[in-house]
4 protein chains.
Amino acid sequence: MSVIDINCDMGESFGAYRLGTDEEILKYVTSANIACGFHAGDPATMRKTVKLALEHGVGIGVHPGLPDLAGFGRRNIDISPQEAYEMVVYQIGSLWAFVQAEGGEIQHVKPHGALYNMAAVNRELSEAISEAVYKVNPELILFGLAGSELVKAGEKVGLRTASEVFADRTYQQDCTLTSRKLPNCMIENDDEAVAQVIRMVKEGKVLTQQKVDADITADTVCIHGDGAHALSFAKKIRQTLEDSGITVRKIGESI
Amino acid sequence: MSVIDINCDMGESFGAYRLGTDEEILKYVTSANIACGFHAGDPATMRKTVKLALEHGVGIGVHPGLPDLAGFGRRNIDISPQEAYEMVVYQIGSLWAFVQAEGGEIQHVKPHGALYNMAAVNRELSEAISEAVYKVNPELILFGLAGSELVKAGEKVGLRTASEVFADRTYQQDCTLTSRKLPNCMIENDDEAVAQVIRMVKEGKVLTQQKVDADITADTVCIHGDGAHALSFAKKIRQTLEDSGITVRKIGESI
Amino acid sequence: MSVIDINCDMGESFGAYRLGTDEEILKYVTSANIACGFHAGDPATMRKTVKLALEHGVGIGVHPGLPDLAGFGRRNIDISPQEAYEMVVYQIGSLWAFVQAEGGEIQHVKPHGALYNMAAVNRELSEAISEAVYKVNPELILFGLAGSELVKAGEKVGLRTASEVFADRTYQQDCTLTSRKLPNCMIENDDEAVAQVIRMVKEGKVLTQQKVDADITADTVCIHGDGAHALSFAKKIRQTLEDSGITVRKIGESI
Amino acid sequence: MSVIDINCDMGESFGAYRLGTDEEILKYVTSANIACGFHAGDPATMRKTVKLALEHGVGIGVHPGLPDLAGFGRRNIDISPQEAYEMVVYQIGSLWAFVQAEGGEIQHVKPHGALYNMAAVNRELSEAISEAVYKVNPELILFGLAGSELVKAGEKVGLRTASEVFADRTYQQDCTLTSRKLPNCMIENDDEAVAQVIRMVKEGKVLTQQKVDADITADTVCIHGDGAHALSFAKKIRQTLEDSGITVRKIGESI
């Protein structure tokens, strides 16, 4: 049976600033990555988002980021593995308390932005992040880019991991994403984007920019929550995946 | 049998900035209130301080403050009860994760500075703080000024509470502390300070500035961790309390 | 001749977060209050907003706030006059540099939110803010609530001041604004709101909630920049003021 | 005639946190680099430090850093040249206002920590920083590592620049500093450290780790302000330079 999880970043509002369409997008996803105040989010937003996620029955994830609100956690910061460990422990705890107060449970951890990207190619960072997750709660599932150092480090430490794929990004022969600085990095056509995911789930393969297939594991697919197109794409990918006989459910029920 | 807990604020360093003499003061206290990054502290400091506190076997407390690093959490901020609830939940969680990662347990929660002082006289804030603690973990002990709204709210919600007293501050007839803006607010003489605590523990009374006794409950006494005098006073109060036949132990073992 | 300035808060975006419709609203106002990174705004937003304001020929104002991004500078913080002085000096300088880099000049300073409201009724805070403005540049115009301590303190120190009025707020007999916690604090009807301003400008009077007129000085009227209604109201008030024979121009050209 | 400036970082306290011995070190230096709140410092500290620097008659410098208080501005952040421009403009302005309020003048700008190091080897960043300085005030002197991209970019844009050398660091054949990750990066012996500076000033040469001389320009030497040894070294280097017939004076009086 083919199964996939659909995840989306959430709870990225801050103070008077609103971002995303969390209530709408929650209808189409099965896992929510909730910001913890470092790159976005604040205690009020976290409380609200945790409640919303529980009401929709989606898997709740910690979405730890770099301490860079002004840069939305998207700028690389040259942190040590030790600092990565500490940041991730702190942020898991901060979200845990809101989930605990509402009577729920955390399902997974997915690093955000630059932290995710740096970890993907940096074994030491990935090991520190994995250790942080494991020591706080070894039952949590660690999300990482399919084939990345983060997935490897998570498995090595003894965590369950989820290999993440992207619908709207193109791939290189080594299964890394095509850099955003290059042309053809994005799949602009929605049908092609969904088709790429379906093939990744059903066949475990992706056609790369080098015109050859690469093997890929697709446990969860990331969609975006911001903008009108995001909503219509979310609806489409969910519908099309299900129409293709793929079961869409939260990762915690699959692995 | 007369019993008291001695608590001290800790983990108040930040980044390159060092504050306090945590390792030294830990020899004399039985409970540690650890800052969580809002008024002081950071993830690295929290990790280190939790480890230190566990090594010394003291009770570990969350020390949530207002989000005001520049003001060290000492300036009143006109937050709503809802915001107080959210800040406290967040900070309990952040410390919990470090304690969890090290295999320990949290004993108590003691609000810091302006949050502590505002709550002492504000029922709505106190109820929000108490609810935050209760919903995250109803086993935690809430520290508040003896006789304050915070202690009342904690009891009302069903928490165990610890009434806190001060060695070096004078009291008013209604058991509030003499304002720092008034003369005679401080007890400068160490012997008098310790004697005040011994009487509070043994007799449940304190001689107020109005020259009459007031009833007071003393479950835990707060000492300061900064400066050379702080250390010598810590040593003295611990020794003298024990010499007076008072058992000094962490609050979690007494209530 | 009747003259008034129309001012609006701007540059309140932060990082990835967008707020306000600065480019649209600039068509209708004559002075712009630009946030400086304490309650809102960041260096990138400041640069952009200064450029926009210069292109539209409006008067550029510093809009210093309390250091409370999460609360958008709307929560009172119990700062000392000295701290108010330092915060205002810092923020004037930060904006000055962008204006300088673009070849422009600063016209005025208008404190934001809680800082504005606290100063309105607190002489010491107002004197500290006025001194900050004066010492950095005695040519700057200080904006304050008409009749407030801030206007008085500004005049006392030797600054030119602008008395600010509100179109959509009702007034008390002592010329303070009706508290937002009370019913009837707002004027919901746009025509009534504009009529109130016209009468303040032409007759120097406002009908208060006590059904008696109060004397009031109206040098500048504050409008809001957020939301679709804000834009249509901005257009209407500008048009109606001009149709009533009132000259709308930036304060620096009038006083 | 041989001349050199001695500069030191200052004003790096923050809120309740104290760092450095500014009052002591000011006796031995001729230029002060004052932090502006991004990597260290706050408005209160800036006001105090500017006053102190003016009282001692030293050249006042802006010391802009990356927005990373927790990392003390020492962690590389992957900012764009545009962001570097904006950060530097903002910070120059913030310090300018305090200097203006006290009736003084700014002499120079020296980027801090990771911003300084990244600029040293990155032409685009250096050009953005140089443009920021030039557009706010073309009279300011830009400090950069001797031979670095920053010095080149400053000269290119039309600024006066000061080539900075280090007493206690060893050099490579291309005049870069030996990485802190390598052995022999530091000169531990004070006499050797001072001798290196004297030779750089008098002969324009430094003996590199490759055992060959390199040409170097020494307009200003950086000393550290933290710790007891810092003070004794400051005293020694000042005394020895003067005993060697080198004039020690602030850079603004030399170029």
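Taking an unreviewed UniProt entry as the reference, chain A is identified by name as 5-oxoprolinase subunit A belonging to Fictibacillus arsenicus. Recorded under Catalytic activity (unreviewed entry), the UniProt text for chain A is reproduced unchanged: "5-oxo-L-proline + ATP + 2 H2O = L-glutamate + ADP + phosphate + H(+)". Among the UniProt annotations of chain A, the heading Sequence similarities (unreviewed entry) holds the following wording: "Belongs to the LamB/PxpA family."

Asker: When you look at the overall build of chain A in this model, what are you seeing that I'm missing?
Answerer: Within chain A one finds eight helices and ten strands. Its C-alpha radius of gyration of 17 Å places chain A within 12% of the 18 Å reference for a compact globule of 255 residues. Looking at chain A as a whole, 60% of its 255 residues are labelled buried. Considering only contacts within chain A whose residues lie at least 6 apart along the sequence, 71% involve residues at least 24 apart. Counting only carbon and sulfur atoms, one obtains 46% of the accessible surface of chain A, whose full area is about 9800 Å². Considering chain A, the positive charge centre built from 25 side chains and the negative charge centre built from 35 side chains are found 2 Å apart.

Asker: Help me understand the interface of chain B and chain D in this model?
Answerer: How big an interface is tends to be stated in terms of accessible area lost as the parts join. With twelve residues of chain B in contact, the opposing surface of chain D contributes twelve residues. Roughly 990 Å² is buried in total at the junction of chain B and chain D, and carbon and sulfur atoms are behind 73% of that figure. When the buried area of chain B at its contact with chain D is split by residue, Phe14(B), Ala16(B) and Tyr17(B) rank highest and sum to 56% of it. Seen at the junction of chain B and chain D, the total is zero salt bridges. Counting every contact that joins chain B to chain D gives two residue pairs in polar contact (both at pLDDT 80 or more).

Asker: Can you walk me through the relation of the copies chain B and chain A in this structure?
Answerer: Here the second copy of the chain follows from the first by a rotation about an axis and a shift along it. Superposition of chain B onto chain A requires a rotation of 180 degrees combined with a translation of 0.0 Å along the rotation axis, giving an RMSD of 0.0 Å. Overall, the copies show the geometry of a two-fold rotation axis. When you check the interface residues of chain B against chain A, 100% turn up at the interface there too, and the contact is symmetric in its surfaces.

Asker: What exactly am I supposed to notice about the relation of the copies chain B and chain D here?
Answerer: The two copies are related by a screw motion: chain B maps onto chain D through a turn of 180 degrees and a shift of 0.0 Å along the axis, at an RMSD of 0.0 Å. Taken together, the interface assignments show that 100% of the residues at the interface of chain B recur at the interface of chain D, consistent with an identical surface on both copies.

Asker: Mind showing me how you'd approach the interface of chain B and chain A here?
Answerer: Facing 23 residues of chain B, the contacting portion of chain A comprises 23 residues. Taking both partners together, chain B and chain A bury about 2000 Å²; carbon and sulfur atoms supply 67% of that area. Taken as a group, Glu86(B), Tyr90(B) and Trp96(B) account for 30% of the area that chain B buries against chain A, more than any other trio of residues on that side. Linking chain B to chain A there are two salt bridges. When the shortest N-O distance is used, the salt bridge between Arg47(B) and Glu86(A) registers 2.8 Å. On inspection of chain B and its partner chain A, the count reaches four residue pairs in polar contact (both at pLDDT 80 or more). Among the elements of the structure, helix 2 (43–56), helix 3 (81–101) and helix 5 (123–136) of chain B are those that each provide at least two residues to the side of chain B that touches chain A. For the side of chain B that touches chain A, the class distribution of residues is 14 nonpolar, five polar and four charged.

Asker: Hey, could you run me through the packing of helix 2 of chain B against helix 3 of chain B in this one?
Answerer: All names here are of chain B. Relative orientation of the contacting elements helix 2 and helix 3 amounts to 50 degrees, with a least axis distance of 9 Å. In terms of orientation, helix 2 and helix 3 fall into the oblique class. Both helix 2 and helix 3 take part in a crossing whose hand is right-handed. Packed against helix 2, whose contacting residues are Pro43, Met46, Arg47 and Val50, the element helix 3 presents Ser94, Leu95, Phe98 and Val99 at the interface. Residue classes in the contact of helix 2 with helix 3 are distributed as six nonpolar, one polar and one charged.

Asker: I tried to follow the nonpolar core on my own but got confused; where do I start?
Answerer: Side chains that are nonpolar tend, in soluble globular proteins, to be buried together. Grouped together as the largest cluster of nonpolar side chains are 322 residues, with contacts concentrated most on Ile237(A), Ile237(B), Ile237(C) and Ile237(D). Contacts of Ile237(C), omitting those with residues within four sequence positions, involve Ile6(C), Ala167(C), Val194(C), Val197(C), Val221(C) and Ile223(C).

Asker: Looking at this structure, how should I read the state of the cysteines?
Answerer: Linking two cysteines covalently through their sulfur atoms gives a disulfide. All names here are of chain B. Scanning all chains against the criterion turns up zero disulfides over all chains. Cys222 supplies the cysteine sulfur nearest to Cys185, a cysteine that is in no disulfide, at a spacing of 15 Å. With relative accessibility at 9%, the residue Cys185 sits in the buried group. No disulfide involves Cys222; its nearest neighbouring cysteine sulfur is the one of Cys8, lying 6.8 Å away.

Asker: Would you mind going over the environment of Thr240(B) with me for this structure?
Answerer: Residues and elements named next belong to chain B. On the secondary structure map, Thr240 appears in helix 8 (residues 228–243). Accessibility expressed as a relative area gives 27% for Thr240, which makes it partly exposed. In this structure, the C-alpha to C-alpha distance between Thr240 and Asp191, residues 49 residues apart in sequence, is 9.2 Å. If sequence neighbours within four positions are ignored, Thr240 has contacts with Val194 and Ile198.

Asker: Just to check I follow, could you spell out unusual backbone geometry for this structure?
Answerer: When glycine is set aside, most residues are seen to have a negative phi, and most peptide bonds are trans. Even without being glycine, Phe72(C) reaches a positive phi, approximately 55 degrees. On the basis of relative accessible area, Phe72(C) is assigned to the buried category, the value being 4%. Of note, Cys175(D) is a non-glycine position whose phi angle comes to about 75 degrees, a positive value. Examined against the element boundaries, Cys175(D) turns out to sit in the loop between strand 6 (160–166) and helix 7 (190–203).

Asker: For this particular structure, what's the right way to read the pairing of strand 6 (residues 160–166) of chain C?
Answerer: As a general feature of sheets, a regular strand has side chains that alternate between the two faces. Residues and elements named next belong to chain C. Summarising burial for strand 6: six of the seven residues are buried, a large majority. Of the strand pairs in this sheet, strand 5 (residues 141–145) and strand 6 are connected by five bridges, and their pairing is parallel. Looking at the pairing, Leu142 lines up with Thr161 of strand 6. With helix 6 (residues 149–157) bridging strand 5 and the parallel strand 6, this β-α-β connection has right-handed handedness. As paired strands, strand 6 and strand 9 (residues 220–223) are joined by three bridges and run parallel to one another.

Asker: I tried to follow the packing of helix 5 (residues 123–136) of chain D against helix 6 (residues 149–157) of chain D on my own but got confused; where do I start?
Answerer: Each pair of packed helices can be described by the angle between their axes along with the distance between the axes. Residues and elements named next belong to chain D. Taken N-terminus to C-terminus, the directions of helix 5 and helix 6 make an angle of 45 degrees; their axes are 8 Å apart at the nearest point. On the basis of the axis angle, helix 5 is oblique to helix 6. Pair helix 5 / helix 6 crosses with right-handed handedness. The segment helix 5 lies against helix 6, with Arg123, Ser126, Glu127, Ile129, Ser130, Glu131 and Tyr134 engaging Glu149, Leu150, Ala153, Gly154, Lys156 and Val157. Its residues assigned to classes, the contact of helix 5 with helix 6 comprises five nonpolar, three polar and five charged.

Conventions we followed
- Along each chain, the written sequence defines residue order, and numbers are assigned to residues from 1.
- The order in which chains are written sets their letters, starting at A; the order in which ligands are written sets their numbers, starting at 1.
- Only residues with pLDDT of 70 or above have their local features reported here, since the model is predicted, and side-chain atom pairs are shown and tallied only from 80 upward, although totals for entire chains, interfaces and linings are computed over all residues.
- In computing side-chain properties, one takes all heavy atoms of the structure into account and sets aside hydrogens as well as water.
- UniProt positions are given in the numbering used here, feature names are shortened, and annotations may be inferred rather than shown by experiment.
- By definition, any uninterrupted DSSP run of H or I lasting at least four residues is a helix, any uninterrupted run of E lasting at least two residues is a strand, and each is numbered from the N terminus.
- For this measure, only C-alpha atoms enter the radius of gyration; the expected value for a globule follows 2.2 Å times N^0.38, where N is the number of residues.
- A 1.4 Å probe rolled over the protein chains alone gives each residue an accessible area, and that area as a share of the maximum for its type sets the label: buried under 20%, exposed over 50%, partly exposed in between.
- Every residue pair with non-hydrogen atoms within 4.5 Å of one another is taken to be in contact.
- Shrake-Rupley sampling with a 1.4 Å probe provides the accessible areas, and residues are treated as covered by the protein chains on show and by no other component.
- Think of it this way: Lys and Arg go in the positive column, Asp and Glu in the negative one, and His and the chain ends go nowhere.
- In this description, the location of a charge corresponds to atom NZ of lysine, CZ of arginine, CG of aspartate or CD of glutamate.
- Summed over both partners, buried area is the accessible surface (1.4 Å probe) that two parts give up on being assembled.
- The salt bridge criterion pairs a side-chain nitrogen of Lys or Arg with a carboxyl oxygen of Asp or Glu, the two atoms within 4 Å.
- Any pair of N or O atoms that falls within 3.5 Å is considered a polar contact. Within protein, one atom must be able to donate a hydrogen and the other to accept it, and sequence-neighbouring residues count only if both atoms are side-chain atoms.
- Least squares is the method used to superpose the copies, on C-alpha atoms of residues holding a pLDDT of at least 70 in both.
- Residues were grouped as follows: Ala, Val, Leu, Ile, Met, Phe, Trp, Tyr, Cys and Pro as nonpolar; Asp, Glu, Lys and Arg as charged; and all remaining residues, including Gly, as polar.
- Axes here refer to lines fitted to C-alpha atoms; in helices the fit is confined to the stretch in contact. Angles between the N-to-C directions go from 0 to 180 degrees.
- Under this scheme an angle from 65 to 115 degrees is roughly perpendicular, one under 35 degrees roughly parallel, and one over 145 degrees roughly antiparallel; angles in between are oblique.
- Take the far helix as your reference; a near helix turned counterclockwise from it by less than a right angle gives a left-handed crossing, and one turned clockwise gives a right-handed crossing.
- We call a set of buried residues a nonpolar core when its members are Ala, Val, Leu, Ile, Met, Phe, Trp, Tyr or Cys and they connect through side-chain atoms within 4.5 Å of each other.
- The term disulfide is used for any two cysteine sulfur atoms that are within 2.5 Å.
- Two strands are counted as paired when DSSP detects at least two bridges linking them.
- Whether a crossover is right-handed depends on one test, that the path from the first strand over the helix to the second runs clockwise when the strands point away from the viewer.

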